[in-house]
Amino acid sequence: MGRYSWNIYTLEEKLKNLRSIFAKTTDRKELELLYKDINHLSDILYSYNIDLNDCEILGAYDNYILFKDTFSRLDFLIPDFKIFEESSKFIQVPKDTLKTTSLSKEDLLDLTHDFFKSLNRYFFGNFMKNFRERESHILFKQKEDDYGVTYYFSYLKEAFIEIGRIYTIEDFFTTTHEYMHATSFQINGDQVYDEEKQIFIEIESVLVELLAADFYLKMTGDENALLFKSLIHNRFVQTSSELDLNLKLMEMEKFQREEFPNKKALKIALKKVFYDGDINEILNCINKDPELYLTGYMFAICLYNLFQEDKDKALDLLKRKILLKNSSCEEYYSNIKRLGIIPNLGLETYEKSLKESMSLKRKKN
């Protein structure tokens with residue numbers, strides 16, 4: 001196997017190893033953890049083995065149903081989503097296209113190492129627990145859009161990372177994002193299988209992307225890092241619109257006291273609201289999970305702003321957030337806010353600063 005590589009056979013060997021350990025283990029806590037890892041690995045392998053031609057691509061109606069199923073216990077977040085949407089409409093941040101780069105795998109990993117080293121000893125130490133195994137635990141693939149995934153197994157304390165390369169500096173930020181997931185799971189492995197925490201699992205990884213952009217700009221002087229921050233902000237603005245569309249559909253169902261039975265009924269409802277729009281284009285904006293990364297971004301902005309004023313305090317709050325005990329989803333939300341990590345806190349200031357920076361860049365060019 002080549003350097004910086006793993007494949008399905010690597011995971012199959014891990015599964016065999018876990019099953020062998022499971023058969024010999026008597027400790028109840030260990031058995032529970034092994035059971036979770038075995039199921040997780042089995043699901044991953046199943047998804048790898050499915051023929052893509054046999055997979056049904058989810059349409060707008062299916063996505064909407066999945067969104068409702070997930071969002072049924074997240075309505076307490078709606079006021080935060082509304083604040084983000086209103087602010088982003090008022091302060092429009094310009095965006096540009098990222099230029100291609102020739103960063104090698106070694107470049108990406110060296111930059112990621114140096115970025116985590118720049119944080120503090122605690123996060124760097126936990127980062128290194130995964131990074132030391134990089135030659136056999138990270139995989140780079142060419143993709144059409146930015147993509148990354150981290151598979152973490154709590155019993156083994158191992159993370160397998162896959163990075164989709166699009167050959168812009170976004171490859172670096174995707175790498176830091178996924179290594180932050182692996183680092184967070186090293187700090188608190190209970191997060192991996194805690195369904196109540198999944199909606200907040202992107203806070204630290206989105207934060208790291210913003211901090212890594214500043215780090216990259218400082219180290220290289222490459223203003224593509226600034227373009228990246230404006231690019232992802234505008235992506236979240238689009239995500240906010242997609243979320244708002246899903247919420248409007250839910251309100252329509254509530255008003256008419258019945259759910260849309262099929263895609264045809266969904267299209268009829270959309271025509272009532274967007275009578276002069278392209279319905280097929282609008283249908284493409286119905287996302288099954290727009291709330292996940294947007295939630296991470298809303299909280300990450302608060303920590304990002306604090307980091308500029310007091311790095312140590314920001315990282316301490318991040319550590320305490322990761323270590324929070326199990327609780328219900330809404331209780332977890334409240335506990336994060338009690339730490340002082342408030343969604344959208346400083347959003348307007350952040351947007352104005354980003355807008356001014358982009359305007360200055362355009363004037364220079």
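Think of each chain on its own: its residues are numbered from 1, step by step along the sequence as written. Since the coordinates come from a predicted model, pLDDT governs what is reported: local features require at least 70, and pairs of side-chain atoms require 80 or more to be given and counted, while whole-chain, interface and lining totals use all residues. Excluded from the side-chain calculation are hydrogens and water; included are all heavy atoms of the structure.

## Here we look at the sheet that holds strand S3 (residues 158-165)
At least two bridges found by DSSP between two strands is the condition for calling them paired. Only DSSP runs of H or I reaching four residues or more are called helices, and only runs of E reaching two or more are called strands; each is numbered from the N terminus. Pairing is mixed across the open sheet formed by three strands, whose spatial order is S1-S3-S2. The strands lining the two open edges of the sheet, one partner per strand, are strand S1 (138-142) and strand S2 (147-153). Each strand axis lies, on average, 15° off the axis of its neighbour in the sheet, ignoring direction. Examined bridge by bridge, S1 and S3 share five bridges and lie parallel to one another. Looking across to S3, one finds that Phe 140 is bridged to Ile 163. Structural elements are reduced to axes, namely lines fitted to C-alpha atoms, with helices fitted over the stretch in contact, and the angle between N-to-C directions of any two is expressed from 0 to 180 degrees.

## Concerning the packing of aromatic side chains
Think of it this way: a Phe, Tyr or Trp ring, Trp meaning its six-membered ring, pairs with another when their centres are within 6.5 Å, and the plane angle makes it stacked under 30 degrees, edge-to-face over 60, tilted otherwise. With the rule as written, the count across this model stands at 27 aromatic pairs. Between Tyr 122 and Phe 123, the ring centres sit 5.5 Å apart and the planes meet at 90°, which makes this aromatic pair edge-to-face. By relative accessible area, Tyr 122 is classed as partly exposed at 28%. Think of it in three bands: residues with accessible area under 20% of the maximum for their type are buried, residues over 50% are exposed, and the middle band is partly exposed, with areas taken using a 1.4 Å probe on protein chains only. Residue Phe 123 is classed as buried on the basis of its relative accessible area of 1%. When the ring of Phe 172 is compared with that of Phe 173, the centres are 5.2 Å apart and the planes differ by 45°; the resulting orientation is tilted. Per residue, the accessibility class of Phe 172 equals that of Phe 173, and both read buried. Pairwise contacts between aromatic rings join Phe 115, Phe 116, Phe 124, Phe 127, Phe 131, Tyr 179 and Phe 215 into one cluster. Only when the NZ atom of a Lys or the CZ atom of an Arg is both within 6 Å of the ring centre and within 35 degrees of the ring normal do we say a charge sits over the ring. Seen from the ring of Tyr 122, Lys 319 lies directly overhead, with NZ or CZ sitting 4.3 Å from the centre.

## Re the confidence of the model for the chain
Predicted coordinates in regions of low pLDDT should not be interpreted in detail. Confidence of the prediction at every residue is given by pLDDT, a number between 0 and 100. Confidence in the prediction for the chain averages 90 pLDDT; 96% of positions are at 70 or higher. Ranking the elements of the chain by mean pLDDT puts helix H12 (residues 279-283) last with 78 and helix H14 (residues 311-322) first with 98. Note on definitions: a residue-residue contact is assigned when non-hydrogen atoms from the two residues lie within 4.5 Å. Low pLDDT, under 50, characterises residues 51-56; the stretch is placed with two contacts to residues that sit more than four places away or in other chains.

## Observations regarding helix H3 (residues 60-71)
Multiply 1.5 Å by the residue count of a helix minus one, and that product is the helix's expected span. With 12 residues, H3 should reach 16 Å at 1.5 Å per residue; the first-to-last C-alpha distance of 16 Å fits that figure. For H3, the complete set of buried residues consists of Ala 60, Tyr 61, Asn 63, Tyr 64, Phe 67, Lys 68 and Phe 71. One side of H3 carries all its buried residues, which in axial view fall inside an arc of 160°. In the core, the buried residues of H3 are packed alongside helix H4 (78-90), helix H10 (224-256), helix H11 (263-273), H12 and helix H13 (291-309). This arc is taken over the directions from the axis of the helix to the C-beta atoms.

## Some thoughts on the nonpolar core
We define a nonpolar core as any set of buried Ala, Val, Leu, Ile, Met, Phe, Trp, Tyr and Cys residues linked to one another through side-chain atoms lying within 4.5 Å. Counting residues in hydrophobic clusters, the biggest one holds 86 residues, and the most contacted among them are Phe 115, Phe 116, Phe 172 and Phe 200. Considering every element that reaches this core, the biggest residue donor is H13, with 11 residues. Apart from the residues lying within four places of it in its own chain, the contact partners of Phe 116 are Phe 124, Phe 127, Thr 176, Tyr 179, Met 180, Thr 183 and Val 208. Formed by 16 residues, the second largest nonpolar core is a distinct cluster that contains Trp 6, Ile 8, Leu 34 and Tyr 151.

## Digging into the pattern of salt bridges
Salt bridges are counted wherever a side-chain nitrogen of Lys or Arg sits within 4 Å of a carboxyl oxygen of Asp or Glu. Throughout the structure, instances matching the rule amount to 16 salt bridges. Two residues, Lys 82 and Asp 244, come together in a salt bridge whose shortest N-O distance is 3.2 Å. With a gap of 162 residues between them, Lys 82 in helix H4 and Asp 244 in helix H10 connect regions that are remote in the sequence. Overall, the relative accessible area of 33% leaves Lys 82 in the partly exposed class. Note on Asp 244: relative accessible area 9%, which makes it buried. Between Lys 89 and Glu 85 there is a salt bridge, with the nearest N and O atoms lying 3.5 Å from each other. Taken together, the residues span about one helical turn, with Lys 89 and Glu 85 both in helix H4 at a distance of four residues. When salt bridges with common partners are traced through the structure, they connect Lys 68, Glu 253 and Glu 259 into a single cluster.

## Some words on unusual backbone geometry
Even without being glycine, Lys 157 reaches a positive phi, approximately 55°. With respect to the element layout, Lys 157 can be found in the loop between S2 and S3. Residue Lys 157 is classed as exposed on the basis of its relative accessible area, which comes to 53%. The backbone of Asn 344 sits at a positive phi, close to 70°, despite the residue not being glycine. Along the chain, Asn 344 falls in the loop between helix H15 (329-338) and helix H16 (347-364).

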